[in-house]
Amino acid sequence: MRDRSTRKTWAAATAALLAMLLVSGCDALGPRVDGGPGAAESASPESSPRATPRPTTTPNVPPSPSPEVPTPTVEPAPPAVEPPPVEPPPVEPPPVEPAPDPATVELVRGSTGERVTALQQRLLDLGYWGATPDGDFGPGTQQAVWALQKAAGISRDGRVGPATQAALDQGVRPSAQSTSGHVIEIDIDRQLVLAVDDGHVTKVFNASSGNGERYEAKGRTYTARTPRGTFQVGRQVDANYESSLELGSMWRPKFFTGGIAVHGSGSVPPSPASHGCVRVTNGAMNWIWDSWGAPQGTTVLVY
């Protein structure tokens, strides 16, 4: 009975072992490497020299899938946008100068218009010779303006600016030195010739007398000086006369002392420029001869 029971027990153990082998494979008989139960019971190589270590095999377990890393979505770059053009700051236009008042613009030789006509008429009314009211500021008007400026003691520039206009408005005109008779007065200091009747100035002429310089003529030296004093018209020539000293032409001269005369000339500046004679314009000399009259014996007063 006992032997039969032992054989049954052995048979059952053997069957269990076979079943284990079928399930676990060869690892069931080999040493455990995972520290599980039975590892301590396995003999080490030193204690079991006859044990042949079995190669360790890794069960064919499929690898766990790596967690999916989401692929970053690359947004397309926005299209390049041109910045709006920068407008330059507005440029302030230069300030506009107000147009000058026409009434304050200087009148000069070459000016024309109604203001010139008014100027010429005013000069004519004051007795200054040369201005004809035609609206054209020409050489005759310039001669009259020079005469006015000399009488007023202002700059002799021939331009009608504020000072000259003030002289016009004030009615400036020179006074006569003589009190009676038909007299030619020559103002050396102011370079003027006056036609005077009984102390009243009839006409005023721009004039140019001796410049005080020394000059040579026919081998002799002279001083360009106009003598002062009271004289009378003597010799006179109603034509163009050539100087005996070869000093140029004199238009319709009226001699009053030696070779010194009042005569017409094509050049009558506002300053002394002659060799001693007294120059007025040819037109002024024609007026003295033809309109006013200065026969022989007419008094010539030089001061």
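Scroll up for the structure.
Residues numbered from 1 in each chain as written. Predicted model: local features only at pLDDT ≥ 70, side-chain atom pairs only at ≥ 80, totals over all residues. Heavy atoms only, no water.

### Considering the packing of aromatic side chains
Okay, step 1: Here the structure, examined in full by the defined rule, presents six aromatic pairs.
Okay, step 2: Measuring from centroid to centroid gives 5.6 Å for F231 and F256, while their planes differ by 45°, and the two rings are tilted. Of the two residues, F231 sits in strand β6 (residues 229–232) while F256 sits in strand β8 (residues 249–257), which places them 25 residues apart along the sequence. Just as F231 is buried, F256 falls in that class too.
Okay, step 3: Residues W287 and W292 carry aromatic rings whose centres are separated by 6.3 Å and whose planes lie at 10° to one another, so their mutual orientation is stacked.
Okay, step 4: Of the residues examined, W287 reaches a relative accessible area of 17% and is grouped as buried.
Okay, step 5: Exposure remark for W292: the relative accessible area of 12% places this residue in the buried category.
Okay, step 6: Three or more aromatic residues joined by ring pairs form one cluster here, namely W129, F205, W287 and W292.
Okay, step 7: In this arrangement the basic side chain of K254 is found over the ring face of W289, its NZ or CZ atom lying 3.8 Å from the centre. (Phe/Tyr/Trp six-rings, centres within 6.5 Å; stacked < 30°, edge-to-face > 60°. Helix = DSSP H or I, 4+ residues; strand = E, 2+ residues; numbered from the N terminus. Buried < 20%, exposed > 50% of the residue type's maximum accessible area, 1.4 Å probe, protein only. Lys NZ or Arg CZ within 6 Å of the ring centre and 35° of its normal.)

### Here we look at the sheet that holds strand β10 (residues 278–281)
Backbone hydrogen bonds are what pair the strands of a sheet, in a parallel or an antiparallel way.
Okay, step 1: Ordered by their spatial adjacency, four strands build an open sheet running β7-β8-β9-β10, and the pairing between neighbours is mixed. Every other strand in the sheet has two partners, leaving β7 (240–242) and β10 as the edge strands with one partner each. Each neighbouring strand pair of the sheet contributes to a mean axis angle of 40°, computed without reference to strand direction.
Okay, step 2: The strands touched by helix α5 (residues 282–292) within the sheet are β8, β9 (260–265) and β10, with β8 carrying the most contacts at an inclination of about 55°. (Pairing = 2+ DSSP bridges. Axes fitted to C-alpha atoms, helices over the stretch in contact; angles between N-to-C directions. Contact = heavy atoms within 4.5 Å.)

### Section: the pairing of β9
Okay, step 1: With respect to burial, β9 is a largely interior element, six of its six residues being buried.
Okay, step 2: Residue alternation in β9 divides its side chains into two sets, I260, V262 and G264 and A261, H263 and S265, and both sets are buried.
Okay, step 3: Looking at chain direction, β8 and β9 are connected through four bridges and run antiparallel. Each residue of the ladder has a partner; that of F255, found in β9, is A261.

### What about the nonpolar core?
Taken as a class, soluble globular proteins show a tendency for nonpolar side chains to be buried jointly.
Okay, step 1: One finds I184, I186, V193, F205, F256 and V300 to be the most contacted residues of the largest nonpolar core, which totals 23 residues.
Okay, step 2: Taken together, the elements giving at least two residues each to this core come down to β1 (182–187), β2 (192–197), β9, β10, α5 and β11 (299–302).
Okay, step 3: Top element by residues in this core is α5. It accounts for six residues.
Okay, step 4: Among residues more than four places away in sequence, those in contact with V300 are I184, I186, G229, T230, F231, Q232, V233 and F256. (Core = buried A, V, L, I, M, F, W, Y, C linked by side-chain atoms within 4.5 Å.)

### Things to note about the environment of A273
Okay, step 1: Inspection of the secondary structure assignment puts A273 in the loop between β9 and β10.
Okay, step 2: Separated by 61 residues in sequence, A273 and G212 place their C-alpha atoms 8.7 Å apart.
Okay, step 3: In contact with A273, other than residues within four places in its own chain, are S208, S209, N211 and R279.

### Examining the sheet that holds β6
Okay, step 1: If you walk across this open sheet you meet the five strands as β3-β2-β1-β11-β6, and the pairing is mixed. Both outer strands of the open sheet, β3 (200–206) and β6, are each paired with one neighbouring strand and no more. Across the sheet, the mean angle from the axis of one strand to that of its neighbour is 20°, orientation sign disregarded.
Okay, step 2: The sheet contact formed by β1 and β11 spans four bridges and is parallel. Across the sheet, E185 pairs through a bridge with L301, a residue of β11.
Okay, step 3: Sheet strands in contact with α5 are β1, β2 and β3, and its direction is about 150° off that of β3.

So yeah, pure geometry; function would need other evidence.
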